[in-house]
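# Chain and residue survey
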Amino acid sequence: MVIAFEGIDGSGKSTQAQKLAQRLQDLGKIVHLTQEPTQNPLGKMIRNQFAHPDCASQEIIAGLFVADRLDHIFNKDYGMKKHSEEGAIVVTDRYYISSYAYQAVYMPLDWLMMANSYAAQSLPADLHLFIDVEPDIALSRINANRSNVDLYETKEMLLKVRANYLTAFELLKNKEKIIFIDGNQSQDLVGEQVLNQVLQFIKSKNKIQP
Ligand code: ADP
Ligand code: TYD
């Protein structure tokens, strides 16, 4: 099973991905917690582009995300497919819908969906949890907790990214299982809702398996 967290920067995804992984482990499940961009060589190339915004190319960034994602899935040593086949619940902090939300600010959405289609078909997320937060709240969290602000962390950008998420969810609603969580609440309340939704989903999946 693959569970993907999505949301704008500062929505609390990383906090919730870690919380969920811990709770599932406490329930005796094997969990592989991971993230995109990855910490692997291609993910490092992406972070390097982010670190030099003046010479960053949005076309190259879009291509690097596709490559990082394919490595994230198929790498024989650390790929999500390997972990999933070994029986782990894979929890990933961002997956292919992030590209439809962020890179779509600069690139055509149909190209992004096509370029990510092999990844999305080879290891689709069983569940996408969208932590929905007002951009102003997300920015205040980012500014309160960090000295460096990333390439995409402006209000204008976060508004566009959120709108792109909603467009992508509408297009994918018959294909992907997407759950909205109100991320404006406290970490504990968000965490409770995330856990309830995931346990309900696992239960419903187990019911339909022979
Ligand atoms: P993301 O991964 O979506 O960028 P993080 O989980 O890193 O978000 O959270 C960004 C910051 O906001 C962190 O300092 C975190 O402690 C804080 N935070 C996360 N969730 C909440 C919440 N529900 N309410 C208030 N602050 C939060
Ligand atoms: P991340 O480390 O998840 O940042 P945050 O925790 O602040 O949300 O992701 C770093 C940045 O990468 C973030 O601004 C979103 C961006 N990103 C894309 O633009 N496209 C993608 O496909 C992914 C996975 C991330």
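Refer to the preceding data block for the structure.
These figures come from a predicted structure and were not determined experimentally.

Reading guide: rules and limits
Residues numbered from 1 in each chain as written. Chains lettered and ligands numbered in written order. Predicted model: local features only at pLDDT ≥ 70, side-chain atom pairs only at ≥ 80, totals over all residues. Heavy atoms only, no water. Near = heavy atom within 4 Å. Polar contact = N/O pair within 3.5 Å; in protein donor to acceptor, adjacent residues only side chain to side chain. Areas by Shrake-Rupley, 256 points an atom, 1.4 Å probe, with all protein chains shown as cover. 1 Å grid on protein atoms, 1.4 Å probe; cavity = no way out; pocket = protein on both sides within 12 Å on 5 of 7 lines; lining within 4 Å. Sits in = over half its atoms within 2 Å of the grid points. Helix = DSSP H or I, 4+ residues; strand = E, 2+ residues; numbered from the N terminus. Axes fitted to C-alpha atoms, helices over the stretch in contact; angles between N-to-C directions. Parallel < 35°, antiparallel > 145°, perpendicular 65-115°, else oblique. Left-handed = near helix turned anticlockwise from the far one by under 90°. Contact = heavy atoms within 4.5 Å. Nonpolar A, V, L, I, M, F, W, Y, C, P; charged D, E, K, R; others polar. Pairing = 2+ DSSP bridges. Buried < 20%, exposed > 50% of the residue type's maximum accessible area, 1.4 Å probe, protein only.

Moving on to the site of ligand 2. Inspection of the region around ligand 2 gives 16 residues, with Asp9, Arg69, Arg94, Ser99 and Gln103 positioned closest. Serine 99 places a polar side-chain atom, nitrogen or oxygen, 2.7 Å from an oxygen atom of ligand 2. Within the contact set of ligand 2, an oxygen atom lies 3.4 Å away from a side-chain nitrogen or oxygen of glutamate 153. Bound to the protein, ligand 2 loses 92% of the 550 Å² it would expose on its own. In a pocket analysis with a 2 Å cut-off to the grid points, ligand 2 is assigned to the largest pocket. If you list the elements that add at least two residues to the shell around ligand 2, you get helix H1 (13–26), helix H3 (58–74) and helix H5 (96–102).

Before going further, it helps to examine the packing of helix H8 (residues 135–145) against helix H9 (residues 155–172). Running from amino to carboxyl end, H8 crosses H9 at an angle of 130°, the nearest separation of the two axes being 9 Å. With respect to their mutual orientation, H8 and H9 come out oblique. In this structure, the crossing between H8 and H9 has a hand that is right-handed. Packed against H8, whose contacting residues are Pro135, Asp136, Ala138 and Leu139, the element H9 presents Lys155, Leu158, Leu159 and Arg162 at the interface. The class makeup of the residues in the contact of H8 with H9 is 5 nonpolar, no polar and 3 charged.

Attention now goes to the sheet that holds strand E5 (residues 178–182). The strand order across the open sheet built from 5 strands is E2-E3-E1-E4-E5, with neighbouring strands paired in parallel fashion. With one partner strand each, in any of the chains shown, strand E2 (31–35) and E5 form the two edges of the open sheet. Averaged over neighbouring strand pairs, the angle between their axes works out to 20° when direction is ignored. Note: strand E1 (residues 2–6) against strand E4 (residues 127–132), 4 bridges, orientation parallel. Opposite glutamate 6, over in E4, you have phenylalanine 130 as the bridge partner. Set on the sheet, H9 makes contact with E1, E4 and E5; between it and E5 the angle comes to about 145°.

Time to look at the side chain of histidine 72. Along the chain, histidine 72 falls in helix H3. Exposure remark for histidine 72: the relative accessible area of 1% places this residue in the buried category. Engagement of the side chain of histidine 72 in a polar contact is seen with the side chain of threonine 34, the distance being 2.6 Å. Those residues within four positions of histidine 72 in sequence are excluded, and the remaining contacts are Thr34, Gln35, Glu36, Thr38, Tyr78, Gly79, Met80 and Thr92.

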